[in-house]
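Summary of the model geometry
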Amino acid sequence: MKILLTNDDGVAAPGLWAAARELSQVGELTVVAPSKERSGAGTSISLKRPIRVHEVASEVEGVHAFAVSGTPADSAIVAIRSLFEDQFDLVVSGINRGSNLGHDVYVSGTVGAAMQGYLHDIPSMAVSMYAYTDLDFSAVARVAALLAKRVATGVLSGPMFLNVNAPNAAIGAIRGIGVTSLSQNSYCDRVDRGVDDDGQYYLITRHEDMHEAPEGTDLWAVEHGIVSVTPLPDRVVDERFIALLERVVPDIQDELLATVNQRA
Ligand code: MN
């Protein structure tokens, strides 16, 4: 099995290499990751701008590693479509320093890179730690490898796009692994204003005060010492809203066509 490992913390990040050590036991692993940290890059790609790729020193014997001058999604796209002749069987993105829970999946570079695997019909997973300091990657790196093993044996098949988040705990202290749904908010975003030589500016920052989350969600899981595995795309759209939209859209269609008929 050929595995592509990428991330958004950059090719030198410890979390990437913790994952590399475990995943190299499961399949033929290649690392292709941004040359520097690109957290928050989401799904963005560098359209019509040259992207440079160069091989860098690897921390795991037998694993080749490449640094990419673009975004996490660029790294995945270039690796999947151009760098190698053979198709990858699995794409893993992470292990990210800091969680990617709930609506974070829409802005996360870790998830954005994994999404490229999914969009290329390759089973994919984003892997993140629910902590920033004194990180113990051992449990979640092992979980990623155990999931990868099941992709290799065909136990997990079909379209697969997983968002894995883990509490910062040793394997013995993990209280389980749960299939979860996306919570709503996780981080509290804040916009501060400041002034410098170029005038007023705005600064978006995130702080770690998490919102309350209902049982069964990703945030609830990691707060309870459980490794969270969320299948994406998640049902984030309310059923009632879908029903409402299905009633409203025909009206819009009628109104649109009525304009044309009036002109005719
Ligand atoms: Mn990151």
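Each remark here, short or long, concerns the structure printed above.
Okay, so let's go over this structure. (Residues numbered from 1 in each chain as written. Predicted model: local features only at pLDDT ≥ 70, side-chain atom pairs only at ≥ 80, totals over all residues. Heavy atoms only, no water.)

Right, let's get into the coordination of the manganese ion. The protein atoms donating to the manganese ion are D8 (OD), D9 (OD), S39 (OG) and N96 (OD1), with metal-donor distances spanning 2.1 to 2.3 Å. Sequence positions of the residues that donate to the manganese ion give the spacing D-D-x29-S-x56-N. Residue S39 is found in the loop between β2 (28–34) and β3 (53–56), and its partner N96 is found in strand β5 (residues 90–96); the two are separated by 57 residues along the sequence. (Donors = N, O, S within 2.8 Å, 3.2 Å for Na, K, Ca; no water. Helix = DSSP H or I, 4+ residues; strand = E, 2+ residues; numbered from the N terminus.)

Glancing now at the nonpolar core. Ranked by internal contacts, the top residues of the largest apolar core, which has 41 residues, are L5, V31 and I95. For this core, the element with the highest residue contribution is helix α4 (residues 138–152), accounting for 9 residues. Contacts of V31, omitting those with residues within four sequence positions, involve L5, V11, L16, W17, V63, H64, A65 and F66. (Core = buried A, V, L, I, M, F, W, Y, C linked by side-chain atoms within 4.5 Å. Buried < 20%, exposed > 50% of the residue type's maximum accessible area, 1.4 Å probe, protein only. Contact = heavy atoms within 4.5 Å.)

This part covers the packing of aromatic side chains. Counting across every chain of the model gives 3 aromatic pairs. On the numbers, 5.6 Å between centres and 85° between planes, the contact of F84 with F88 is edge-to-face. Its relative accessible area of 26% is what places F84 among the partly exposed residues. The structure contains a cluster of three or more aromatic residues connected by ring pairs, namely F66, F84 and F88. (Phe/Tyr/Trp six-rings, centres within 6.5 Å; stacked < 30°, edge-to-face > 60°.)

You can see Y132 is positioned in the loop between β6 (124–129) and α4. Residues Y132 and N168, 36 residues apart in the sequence, show an inter-C-alpha distance of 8.9 Å.

What follows concerns the pattern of salt bridges. A side chain with one charge can pair with a side chain of the opposite charge if their charged atoms come near. Overall, the coordinates contain 5 salt bridges when judged by the stated rule. Here E22 ties to R142 by a salt bridge, and the two come within 3.1 Å at their closest N and O atoms. Of the two residues, E22 sits in helix α1 (residues 14–23) while R142 sits in helix α4, which places them 120 residues apart along the sequence. For R142, a relative accessible area of 38% translates into the label partly exposed. R190 is paired through a salt bridge with D192; the nearest N and O atoms lie 3.4 Å apart. A relative accessible area of 43% places R190 in the partly exposed class. When its relative accessible area of 27% is taken as the criterion, D192 is described as partly exposed. Several salt bridges converge on common partners, so that one network encompasses K2, E28 and D86. (Salt bridge = Lys/Arg side-chain N within 4 Å of Asp/Glu carboxyl O.)

All right, on to unusual backbone geometry then. A cis geometry characterises the amide bond from G94 onward to I95, with omega recorded as 0°. Tracing the backbone through its elements, the reader meets I95 in strand β5. Unlike most non-glycine residues, K48 shows phi in positive territory, near 60°. Looking at the secondary structure, you find K48 in the loop between β2 and β3. According to the relative accessible area criterion, K48 is exposed, its value standing at 84%. Phi at D121 takes a positive value of approximately 60°, unusual for a residue other than glycine.

Counted residue by residue, strand β7 (residues 161–166) has 6 buried out of 6 residues, so it is predominantly covered. Here β7 shows a buried face lined by F161, N163 and N165 and a second buried face lined by L162, V164 and A166. The sheet contact formed by β6 and β7 spans 6 bridges and is parallel. By the bridge assignment, S124 is partnered in β7 with F161. In this fold, β6 hands off to α4, which returns the chain to β7; that crossover is left-handed. Across 4 bridges, the pairing between β7 and strand β11 (residues 227–231) is antiparallel. Directly across from L162, in β11, lies its bridge partner P231. (Pairing = 2+ DSSP bridges. Right-handed = clockwise from strand over helix to strand, strands pointing away.)

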